[in-house]
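Here is what each chain is made of, one letter per residue.
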Amino acid sequence: MSWNFALILFILLVLTGFIWVLDLAVLRKGRERRAQAAMAQYDAALVGDAQEAERLRREAGDAARRMPWWIEYAVSFFPVILFVFMLRSFVVEPFRIPSGSMLPTLQSGDLILVNKFSYGLRLPVIDKKVIDVGKPQRGDVFVFRYPVDPNIDYIKRVVGLPGDEVAYLDKKLYINGELVPHVRDGDYFEPDRVSYIAQYKEKLGEIEHQILLDEATPQEYRPMPPFPFRENCQYSRNGVRCKVPEGQFFAMGDNRDNSADSRYWGFVPEANIVGRAFFIWMNFSDLSRIGRFN
């Protein structure tokens, strides 16, 4: 069973919110009436000692006003759940990088923040866009629901926009017929392979970033059949060429030889996009990684 955290959070919000409103409008008044009735039983004339009567009245009132545990928990947690729900739904959402497909930009174990309003405001749970703020730009690092299994979140870099022709031939990237150059930038130690690999600088749109690429090792391109708009892509022994449909995006990992991306499983629908990744807020094995990235 796949647990949808947003749905669970929404159910908790509705449940605690209902109890909070019910307590404010009805239950609290009932407790106060019971408290007044309980306090009225301890009249100074009946008890005989004014101080003792006041103590008994106070204890009886406090006992009658005391919330049941389930109301106390709901009322206490409702503001916290509301804050987390609003923050996660409309501002930023945390994710953990599970693999090395975005090396060297993002490492396995990086904890990142994703901007939820860069590409428009969406209603939580049903994920319907209500305000169109912007569109993904070439070079953005974005999180999206994996088209093959929407219960899994993926993170890649935007390479092709709707209407673009993207070709990856002989390990060279072409966009609309123009070669995207990459310049050697030293070597990078890839921990997953326990070896050094060539590192290059590449620029997509206005964003300059680094990629990993072994130009000497051949790479196979076997698409995952079938995927939507499969007819827009032509595969050959030396690579793949795709025409990006409207409402779709072509995404690739920065670790070009070790990334399952649009070259294999097709396009990313705009409806699957979660937001733009922009900040590493923690990596417990390397605190120096905290900060923004391209």
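In what follows, the structure referred to is the one given above.
Residues numbered from 1 in each chain as written. Predicted model: local features only at pLDDT ≥ 70, side-chain atom pairs only at ≥ 80, totals over all residues. Heavy atoms only, no water.

Undergrad: What exactly am I supposed to notice about the overall build of the chain here?
TA: The secondary structure content of the chain amounts to 5 helices and 18 strands. Against the 2.2 N^0.38 benchmark of 19 Å for 294 residues, the chain shows a C-alpha radius of gyration of 29 Å, more extended than a compact globule. If you line up the chain on its principal axes, its C-alpha atoms span 100 × 40 × 35 Å. Here the chain holds 294 residues, and 43% of them are scored as buried. Across the chain, every contact between residues at least 6 apart in sequence was considered, and the portion connecting residues at least 24 apart equals 59%. The average position of the 37 basic charges and that of the 37 acidic charges among the side chains of the chain differ by 3 Å. (Helix = DSSP H or I, 4+ residues; strand = E, 2+ residues; numbered from the N terminus. Rg over C-alpha atoms; globule rule 2.2 N^0.38 Å. Buried < 20%, exposed > 50% of the residue type's maximum accessible area, 1.4 Å probe, protein only. Contact = heavy atoms within 4.5 Å. Lys, Arg positive; Asp, Glu negative; His and termini not counted. Charge placed at Lys NZ, Arg CZ, Asp CG, Glu CD.)

Undergrad: Sorry if this is basic, but what is going on with the pairing of strand 12 (residues 207-212) here?
TA: Each regular strand carries side chains that alternate between the two faces of the sheet. Inspection of the sheet shows strand 11 (residues 195-204) paired to strand 12 by 6 bridges, in the antiparallel sense. From the neighbouring strand, lysine 201 faces strand 12, where its bridge partner is glutamine 210. Between strand 11 and strand 12, which pair antiparallel one after the other, the connecting turn spans 2 residues, and glycine 205 there sits at a positive phi close to 65°. (Pairing = 2+ DSSP bridges.)

Undergrad: Where do I start with helix 4 (residues 69-90) in this structure?
TA: Note that an α-helix has 3.6 residues per turn; residues three or four places apart therefore point the same way. With 22 residues, helix 4 extends 32 Å between its outermost C-alpha atoms, agreeing within 8% with the 32 Å of an ideal straight helix rising 1.5 Å per residue. Its maximal kink placed at phenylalanine 77, helix 4 deviates by approximately 35°, while the proline proline 79 follows within four residues. Summarising the contacts, the buried residues of helix 4 are in contact with helix 1 (5-40), strand 1 (92-96) and strand 3 (121-123). (Expected span 1.5 Å × (residues − 1). Bend = angle between axes of the 7 residues up to and from the residue.)

Undergrad: Quick question: what am I supposed to make of the sheet that holds strand 10 (residues 182-190) here?
TA: Sheets are built from strands paired through backbone hydrogen bonds, the pairs being either parallel or antiparallel. Strand order in the open sheet formed by 3 strands is 10-11-12, and the pairing between neighbours is antiparallel. Two strands bound the open sheet, and with one partner strand each, they are strand 10 and strand 12. Strand-to-strand twist in this sheet, taken as the mean axis angle between neighbours without regard to direction, amounts to 30°. (Axes fitted to C-alpha atoms, helices over the stretch in contact; angles between N-to-C directions.)

Undergrad: Where do I start with a nonpolar patch on the surface in this structure?
TA: Residues Leu7, Phe10, Ile11, Val14, Leu123, Val125, Ile126, Val130, Ile131 and Val133 make up a contiguous nonpolar surface patch of roughly 830 Å² in combined accessible area. Those elements that place two or more of their residues in the nonpolar patch are helix 1 and strand 4 (128-131). Residue contributions to the nonpolar patch peak at 4 residues, all from helix 1. You can see isoleucine 11 is positioned in helix 1. (Patch = residues over 30% accessible without salt bridge, like charges linked within 9 Å, V, L, I, M, F, W, Y side chains within 5 Å. Areas by Shrake-Rupley, 256 points an atom, 1.4 Å probe, with all protein chains shown as cover. Salt bridge = Lys/Arg side-chain N within 4 Å of Asp/Glu carboxyl O.)

Undergrad: Would you mind going over the layout of surface pockets with me for this structure?
TA: In this approach the atoms are scanned with a rolling probe the size of a water molecule, which exposes any empty space left behind. The calculated volume of the largest pocket comes to roughly 620 Å³. Mapped onto the lining of the largest pocket, the elements with two or more residues apiece are helix 1, helix 4, strand 1, strand 3 and strand 17 (273-282). Considered class by class, the residues forming the lining of the largest pocket number 10 nonpolar, 5 polar and 7 charged. The computed volume of the second largest pocket comes to approximately 190 Å³. Secondary structure elements with two or more residues in the lining of the second largest pocket: strand 1 and strand 6 (153-160). Among the elements that take part in the lining of the second largest pocket, strand 6 stands out by supplying 4 residues, more than any other. Each residue belonging to the lining of the second largest pocket can be placed in one class, and the counts come to 9 nonpolar, 2 polar and 3 charged. (1 Å grid on protein atoms, 1.4 Å probe; cavity = no way out; pocket = protein on both sides within 12 Å on 5 of 7 lines; lining within 4 Å. Points joined across faces, edges and corners; volume = space filled by probe spheres on them. Nonpolar A, V, L, I, M, F, W, Y, C, P; charged D, E, K, R; others polar.)

Undergrad: Please explain the state of the cysteines as it appears in this structure.
TA: The term disulfide refers to a covalent linkage connecting the sulfur atoms of a pair of cysteines. If you walk through the whole model with that rule in mind, you get 1 disulfide. Between the sulfur of cysteine 233 and that of cysteine 242 lies a disulfide, 2.1 Å long from S to S. Judged by the sign of its S-S torsion, about 115°, the cystine formed by cysteine 233 and cysteine 242 is right-handed. On the basis of relative accessibility, which here comes to 5%, the residue cysteine 233 falls in the buried class. Of the residues examined, cysteine 242 reaches a relative accessible area of 1% and is grouped as buried. (Disulfide = S-S within 2.5 Å.)

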